[in-house]
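# A structural walkthrough
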Amino acid sequence: MTDITRVPLQPVASGALTKLWIGVALAVALGGAVAFESRQKGLSVETRQAGAGPMPAATDYVLVNYVGHLASGKEFTHGEHVPIAVSGVIPGFSKALQQMQKGGKYHVFIPARLAYGANEQRDQQTGEVSIPSNSDLTFDIDLVDFKSEQEVMRQRMMMQQLQQMQKGSAAGAGGGAAAPAPGGAPDPTAQ
């Protein structure tokens, strides 16, 4: 027969089990807090008034009304009937535009990583910081209309031809001033 060596078990010190469970609970709570803080809030497009029809593509041009706010609620920009190339704006604004329909009104949340990130933006006239670095942004956007790149190019060519014809007729008529573009519509591709 074999001899079995016996090792006596030591009793658990009083309160040690409680301390162990408190440590486990704190570790779980700390891990949850770190996970919550590190998760990145993504782009959010909330429909305030539904539009109709197709959505703009990245290559399209849109005509929008918009108001931009910082997380504090401070307005940093606004515009009415502004022509914009969908691919010519910050990534979050571009992605949001591609989720909208003509005639719709939207509230958009853009996290800093899809806006300007660590780059602060300054007012070109005053030099003041208008958008601090790492700022989340919100916009209220009305998508008035949009056109494909081909439609915009056709309109641009027609406008150039019209202007050339007006210059030619103005030169023959004594050099009068050229008339404004029909409808006073801005050129959405002008920078």
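Here's what I pulled together on the structure shown here.

### A short note on the overall build of the protein
- Within the protein one finds three helices and seven strands.
- Listed N to C, the secondary structure of the protein is α-β-β-β-α-β-β-β-β-α in terms of helices and strands.
- Counting all 191 residues of the protein, 25% fall into the buried class.
- Partitioning the intrachain contacts of the protein with sequence separation of at least 6 by distance along the chain shows that 69% fall at a separation of at least 24.
- In the structure as shown, the protein presents an accessible area of about 13,300 Å², 56% of it carried by carbon and sulfur atoms.

### Remarks on the packing of aromatic side chains
- Tallying each qualifying case throughout the model produces three aromatic pairs.
- Among the aromatic residues, those joined into a cluster by ring pairs are Tyr66, Phe76, Phe93 and Phe139.

### Concerning the pattern of salt bridges
- Throughout the structure, instances matching the rule amount to five salt bridges.
- Of the charged contacts in the structure, one is a salt bridge between glutamate 120 and arginine 122, with a shortest N-O distance of 2.9 Å.
- With relative accessibility at 37%, the residue glutamate 120 sits in the partly exposed group.
- The network of salt bridges with shared partners includes Glu46, Arg48 and Asp140.

### Comments concerning the sheet that holds strand β4 (residues 105-110)
- Strand order in the open sheet formed by five strands is β1-β4-β7-β2-β3, with antiparallel pairing between adjacent strands. Pairing within the sheet leaves two strands with one partner each, and these edge strands are β1 (44-49) and β3 (75-85). The average undirected angle you get between the axes of adjacent strands in this sheet is 20 degrees.
- Two elements, strand β2 (residues 61-70) and β3, share eight bridges in a ladder whose sense is antiparallel. Looking at the pairing, glycine 68 lines up with threonine 77 of β3.

### Looking at a nonpolar patch on the surface
- Together, Leu17, Leu20, Trp21, Val24 and Val28 line one region of the surface with nonpolar side chains, adding up to about 540 Å² of accessible area.
- With respect to the helices, strands and loops of the structure, tryptophan 21 is situated in helix α1 (residues 16-38).
- On the basis of relative accessible area, tryptophan 21 is assigned to the exposed category, the value being 57%.

### Side note on the environment of leucine 63
- Tracing the backbone through its elements, the reader meets leucine 63 in strand β2.
- Owing to a relative accessible area of 23%, leucine 63 belongs among the partly exposed residues under this scheme.
- A C-alpha to C-alpha distance of 8.6 Å links leucine 63 and lysine 147, two positions 84 residues apart in sequence.
- In contact with leucine 63, other than residues within four places in its own chain, are His81, Val82, Pro83, Asp142, Leu143, Val144 and Asp145.

### Section: the pairing of strand β7 (residues 137-147)
- Sheet analysis places β2 next to β7, joined by ten bridges and oriented antiparallel. Its bridge partner being in β7, asparagine 65 is matched across the sheet by aspartate 142.
- Pairing geometry for β4 and β7, over six bridges, is antiparallel. For histidine 107, the partnering residue across the bridge sits in β7 and is aspartate 140.

### Comments concerning the side chain of aspartate 145
- As for its position among the elements, aspartate 145 is in strand β7.
- Reaching out from aspartate 145, the side chain makes a polar contact with the side chain of lysine 102 at a distance of 3.4 Å.
- Those residues within four positions of aspartate 145 in sequence are excluded, and the remaining contacts are Tyr61, Val62, Leu63 and Lys102.

Cut-offs applied
- Residues numbered from 1 in each chain as written.
- Predicted model: local features only at pLDDT ≥ 70, side-chain atom pairs only at ≥ 80, totals over all residues.
- Heavy atoms only, no water.
- Helix = DSSP H or I, 4+ residues; strand = E, 2+ residues; numbered from the N terminus.
- Buried < 20%, exposed > 50% of the residue type's maximum accessible area, 1.4 Å probe, protein only.
- Contact = heavy atoms within 4.5 Å.
- Areas by Shrake-Rupley, 256 points an atom, 1.4 Å probe, with all protein chains shown as cover.
- Phe/Tyr/Trp six-rings, centres within 6.5 Å; stacked < 30°, edge-to-face > 60°.
- Salt bridge = Lys/Arg side-chain N within 4 Å of Asp/Glu carboxyl O.
- Pairing = 2+ DSSP bridges.
- Axes fitted to C-alpha atoms, helices over the stretch in contact; angles between N-to-C directions.
- Patch = residues over 30% accessible without salt bridge, like charges linked within 9 Å, V, L, I, M, F, W, Y side chains within 5 Å.
- Polar contact = N/O pair within 3.5 Å; in protein donor to acceptor, adjacent residues only side chain to side chain.

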